[in-house]
Amino acid sequence: MSADRPQHKSFPWIRTFIGTAVIGALIVLGAQVFEQQLHPVAPGEAPAPRVPGADFPMDTFDGKDVPQPINYSHKLHAGDLGINCLYCHTYARRSKVAGIPPTAKCMGCHTVVADDKPEIQKLTAMWQKGESPAWNKVNDTPDFVHFSHERHLQKFLLNNEDMNIEDAPDVCAMCHGDMNTVGVAKKMKPLTMGFCVTCHEKNNGPADCTRCHK
Amino acid sequence: MSKTKIDRRNFLKVLGLGTAGAAMAGCDMPSYVTSEEGVEKVYSYLAPEEYVIPGIGVWYASTCQQCPQACGVHGRVREGRVLKLEGNPDTATNAGKICQMGQSAIQAHFHPERIQNPTIGGKDATWDDALALIKEKASNASWVTGAVSGHQRVLMDVSREAAGNGRHYAIEAVNTRAWEDASAATLGDANPNLHIDKARAVLTIGADFLGTWGNPVQAMRDYGNFRNAPRGVLMAIEPAMSMTGANADTWVAARPGSEAAVVLGVGHVLMSKHGVSAAGMPSAASAFSAMNPAKVKDLSGVSEAQLNKIADTLMANSPSLVIANASHAAAHAAQVLNLMLGNVGQTITPGASLAAGAMAPVSGSTKDLVGFAMDANAGKIGAAIITGTNPTFLAPKGLDMSAALSKIGFKVAIADFHDETTKSCDVVLPMSSPLESWGTHVPANGAAPGTVHIQQPLMENVYANTRGLGDILLSVAQGAGAEGLDGFEDYYGYLRTAVSAMIGSDMEGDWNKVLQAGFATAASAPTAFKAGGDVALGFSEPASAGTLTLITSARQGMFDGRHANLPWLQEAPDQINKTVWDTCAELHPATAAKLGVKTGDYVSINTANGAISTRVFTYKGIHPDAVNVPMGRGHTDYGTYAENGVNPLTIMDATSGDRSSTELLSSSIAATVTPTGENRYLVRSMDLAEQHGRKLVATITADQFDRNQGGA
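Residues numbered from 1 in each chain as written. Chains lettered and ligands numbered in written order. Predicted model: local features only at pLDDT ≥ 70, side-chain atom pairs only at ≥ 80, totals over all residues.

Our next topic: the overall build of chain B. Looking only at helices and strands, chain B has 22 helices and 29 strands in total. In summary, chain B has a C-alpha radius of gyration of 28 Å against a globular reference of 27 Å for 712 residues, a match within 12%. Along the longest, intermediate and shortest principal axes, the C-alpha atoms of chain B span 85 × 85 × 55 Å. Residue burial in chain B is summarised as follows: out of 712 residues, 53% are buried. Pairs at least 24 residues apart make up 75% of the contacts formed inside chain B by residues separated by at least 6 positions. (Helix = DSSP H or I, 4+ residues; strand = E, 2+ residues; numbered from the N terminus. Rg over C-alpha atoms; globule rule 2.2 N^0.38 Å. Buried ≥ 20, exposed ≤ 12 C-beta atoms within 10 Å, placed from the backbone. Contact = placed C-beta atoms within 7 Å.)

This is the structure we're talking about:
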């Protein structure tokens, strides 16, 4: 280009534009593709809905194995022995949070039951010292999301004519997956906003932002 | 590419397009942005009560310790943590309300700068070593405290007696001492009950009962009733506007130090114009007669018309109530006015005294601050145990407090925060917060007869190695060999035994009822007013007109400076000048114009005791001869949040005049104010006094109200 020729209006920054846009797009796509736990909906693998009157997303999520202070087994207690979820998580129908059962509840049985097992002895030692196990939280929502266990159990279990209290595991499974198959705990549902909203849409749940985001 | 330098415009374009690209890329993929797993910890209860449910708060009763008034509170406890305080609706003192300082108790409780371990000579030590050292060295120790009452006072007294009768200095800069002394002299009862709600007119002379005087929470409720139909009239005489003055129908600016003369002038007009009799009080009557309106005008700048208006209003609205705290002289004159106007028995009724007098409240004063400094400087104090007060911060330079403290051989601080005083102490014992410890408190103002408020821990210690004040007092008393304390392992055991004896039952159920209520009722007897009431009335000569005088005032929030380390209260605007996080010097616009300064200009304020430099705030709610610097800020050793502002107390004068009657809060000192030439924007929550026609606050004239709203 010679200096005396009239120039077109130049866009010297356009290359930077495109470059930045491409990099931005690649970052997001890359993050999603290489996200280890990404599991698109797989209806064939998901259990059929067992809660009459409810239509909920079948998405699954392959959570990581989170090490816990005591190797408790949901499979043994809830699955094999058939103890109702609400027997231990008694706060779920009374409060926003389901809560971890108080150690006193564990010791109610384990003062006499299986007191020779090392994991039980670990718990007994903590109980005698007056300490609570520091469980690592597996199913969590961000602090700006207010989820109430009480309201959801009322709708799908307690006020649902087709359900009895023994059916609690089916209602819990809507968000927690089949806990009867896992050890301590594993995140089996994505618990994203999309997951929540899909279910709210299907079951006429409230759609105001401020119902959950307070 | 040489032209592609990134300026603001290009940067925004790149940013916008980059974001758009990222958003488009994100659109079509199921976005599983999940929360963390296994990062947060979740703990269970060990063996909770049946009614304790995670996620649902349980309210427990306790007692607020943010100021000496000891209001009853309910604390919301969830998952083992106290999250919110509200007033206990069943207490007569505060009936379900608390002030901003009470709300901030939560922040003090969880404060990261609390003392966590005992120290000896600044080095971490064990409790056993620290207590053994106190046992060894603190014989004959004097106790330096704030206002105390209840069983904490009992334990302090038995400790002192067992260890050789050291003195007890109770130091409070914000107090009602002038009023107490005047009430004791005229009525024979230092703490009579005041019924603002039953008065039809209230005249206050420097008693900021809606801000910091007495129990403001109770006064605010009474004030609400007082203003309900028929609407009571509130009048205020003070050098600088207080919260109460700002609410008054008539606000009269008096020259600092002349308040007593104005009260005498009101008495003069009542006698001469309205024929009110001072029969049986000859010495008071002669003081009133001598203070004619011309003399009042000369001393205080208050005109005869203003005196007449005040006297007329008091006459037209009976019963009335005259409250004064501006000086001892003003308070004495105010109580005589109450006697003359027939208010005693109507709006002032006898209080009650506890049968267990050892638990009665000891109200503090700055007279004790002066006494402590002088005794220490004279070498009369060998050892001191200091708790609940900060004498180094409160003491004016003239008292030479740091020299005084250095002359005390052995000093112990029982404190929850390090401050200017703990710095110079040999042993510092970390105190649990009031929300973690047991105690009993007898409210000095406005409680139902015999009420003892129970302070109950609302949660476990935030910092494991702290101990409750009561537990520390018990250990110290046991170490000193006090009798009758053997066998009590902790303060809870002691308190439970003592309260059981007080309520006459040691049943578990009755104890639980007391805890549930938040207070117990002990045996008490009503006091009786003495007859007569004649006292000699005097007044002080203020500085002559046109000379500047420095005064200081207390505001709810910083109070006497104890709350300066709480960001919530630093952030809450000053009630009068609306400043946050800083101290300013309040000046009348005319005075400011004369000095050539405006709001935001730095000035140096010089008194005989030194100089401080701070920014000016100009407004009309102050006498032109006064410069008012509110107290509470300007700490040097009270943690991260308390450094800003200046401390006017250092350049005040507590020793001049009659020491038995000068309180720091009502003292004044000649000052010169000189601009430094600097200016910086003064951060205030309300920068304009005008609404500029925006009708932010709807108003109506009294005339319109009478015609349209069915007024009288």
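Along its length, chain A carries 9 helices and 1 strand. Going residue by residue from the N terminus, the α and β elements of chain A occur as α-α-α-α-α-β-α-α-α-α. Across the 214 residues that make up chain A, the buried fraction comes to 20%.

Okay, unusual backbone geometry next. Residue and element names in this part refer to chain B. Residue P319 is reached from S318 by a cis peptide bond, and omega for that bond is 0 degrees. Assignment of secondary structure puts P319 in the loop between α12 (304-316) and β13 (320-324). Despite not being glycine, E79 shows a phi value in the positive range, around 50 degrees. Relative to the helices and strands, E79 is located in the loop between β3 (72-78) and β4 (81-87). For E79, a count of 17 C-beta atoms within 10 Å puts it in the partly exposed group. Phi at K578 takes a positive value of approximately 60 degrees, unusual for a residue other than glycine. Mapped onto the elements, K578 comes out in the loop between α20 (567-571) and β24 (584-587).

It is worth spelling out the nonpolar core at this point. Grouped together as the largest cluster of nonpolar side chains are 194 residues, with contacts concentrated most on V263, A324 and A334 of chain B. Counting residues per element, this core draws most heavily on helix α13 (residues 328-340) of chain B, at 9 residues. With residues up to four places along the chain from it excluded, the contact list for A324 of chain B reads W179, I205, G206, A207, V263, A330, A331 and A334 of chain B. Core analysis: the next-biggest nonpolar cluster, separate from the first, contains 15 residues, C85, L86, Y91 and A173 of chain A among them. (Core = buried A, V, L, I, M, F, W, Y, C linked by C-beta atoms within 7 Å.)

So, about the domain arrangement of chain B. According to the domain assignment, chain B contains domain 1 (119-172 + 364-431 + 466-486), domain 2 (177-354) and domain 3 (549-679). One C-alpha centre belongs to domain 1 of chain B, the other to domain 2 of chain B; they are set 38 Å apart. (Domains from an automatic or database assignment.)

Residue and element names in this part refer to chain B. Viewed as axis vectors pointing N to C, helix α6 (residues 177-187) and α13 meet at an angle of 45 degrees, and their least axial separation amounts to 8 Å. Overall, the two elements α6 and α13 adopt an arrangement that is oblique. Both α6 and α13 take part in a crossing whose hand is right-handed. Residues A178, W179, D181, A182, S183, A185, T186 and L187 of α6 lie in contact with α13, whose contacting residues are H328, A331, H332, A334, Q335, V336 and L339. By residue class, the composition of the contact of α6 with α13 is 9 nonpolar, 5 polar and 1 charged. (Axes fitted to C-alpha atoms, helices over the stretch in contact; angles between N-to-C directions. Parallel < 35°, antiparallel > 145°, perpendicular 65-115°, else oblique. Left-handed = near helix turned anticlockwise from the far one by under 90°. Nonpolar A, V, L, I, M, F, W, Y, C, P; charged D, E, K, R; others polar.)

On to helix α17 (residues 469-479) of chain B. Residue and element names in this part refer to chain B. Where burial is concerned, most of α17 is hidden: 9 out of the 11 residues are buried. Taken together, the buried positions of α17 are L469, G470, D471, I472, L473, L474, S475, V476 and A477. Once α17 ends, the next one or two residues include G481, with phi positive near 85 degrees.

Residues and elements named next belong to chain B. If you walk across this open sheet you meet the 3 strands as β2-β3-β4, and the pairing is antiparallel. Across the chains shown, the open sheet's two edge strands, defined by having one partner strand only, are β2 (58-63) and β4. Within this sheet the neighbouring strands show an average axis-to-axis angle of 35 degrees, counted without direction. Here 6 bridges tie β2 to β3, and the two strands are oriented antiparallel to one another. Paired with Y60 across the strands is G75, a residue of β3. (Pairing = 2+ DSSP bridges.)

Residues and elements named next belong to chain B. Here 7 strands make up an open sheet; going across it, the order is β6-β5-β18-β17-β16-β7-β8 and the pairing mixed. Here the strands that pair on one side only, and so sit at the sheet edges, are β6 (123-124) and β8 (168-170). Direction of pairing for strand β7 (residues 142-145) relative to β8: parallel, over a ladder of 3 bridges. Looking across to β8, one finds that T145 is bridged to A170.

So, about the confidence of the model for chain A. Residue and element names in this part refer to chain A. Summarising the model, chain A shows a mean pLDDT of 84, and 85% of its residues fall at 70 or more. Highest mean pLDDT in chain A belongs to helix α5 (residues 118-129) (94); lowest belongs to helix α1 (residues 14-33) (74). pLDDT under 50 marks residues 35-44. Its contacts with residues more than four places away, or in other chains, come to 16 contacts. (pLDDT = per-residue confidence, 0-100.)

Let's shift gears to the confidence of the model for chain B. Residues and elements named next belong to chain B. Of the residues in chain B, 95% have a pLDDT of 70 or more, and the chain-wide mean is 90. In the model, residues 26-33 has pLDDT below 50 throughout and makes 10 contacts with residues more than four positions away in sequence or in other chains. With a pTM of 0.85, the predicted complex shows an ipTM of 0.76.

Now for the environment of S433 of chain B. Residue and element names in this part refer to chain B. As for its placement among the helices and strands, S433 is situated in the loop between β18 (427-430) and β19 (439-441). Spatially, the C-alpha atom of S433 lies 44 Å from that of G677, the residues being 244 residues apart in sequence. Once residues within four sequence positions are removed from consideration, S433 is found in contact with A108, H109 and D416.

What follows covers the packing of helix α4 (residues 127-137) of chain B against α17 of chain B. Residues and elements named next belong to chain B. The contact between α4 and α17 brings their axes to 9 Å, and the two run at 45 degrees. It follows from the interaxial angle that α4 and α17 lie oblique. Where α4 crosses over α17, the two elements pack in a sense that is right-handed. Two secondary-structure elements touch here, α4 through L131, I134 and K135 and α17 through S475, V476 and G479. For the contact of α4 with α17, the class distribution of residues is 3 nonpolar, 2 polar and 1 charged.

Residue and element names in this part refer to chain A. On the secondary structure map, M179 appears in the loop between α7 (168-176) and α8 (193-202). On a C-alpha basis, the gap between M179 and P169 in space is 8.1 Å, while along the polypeptide they are 10 residues apart. If sequence neighbours within four positions are ignored, M179 has contacts with H74, A78 and C172.

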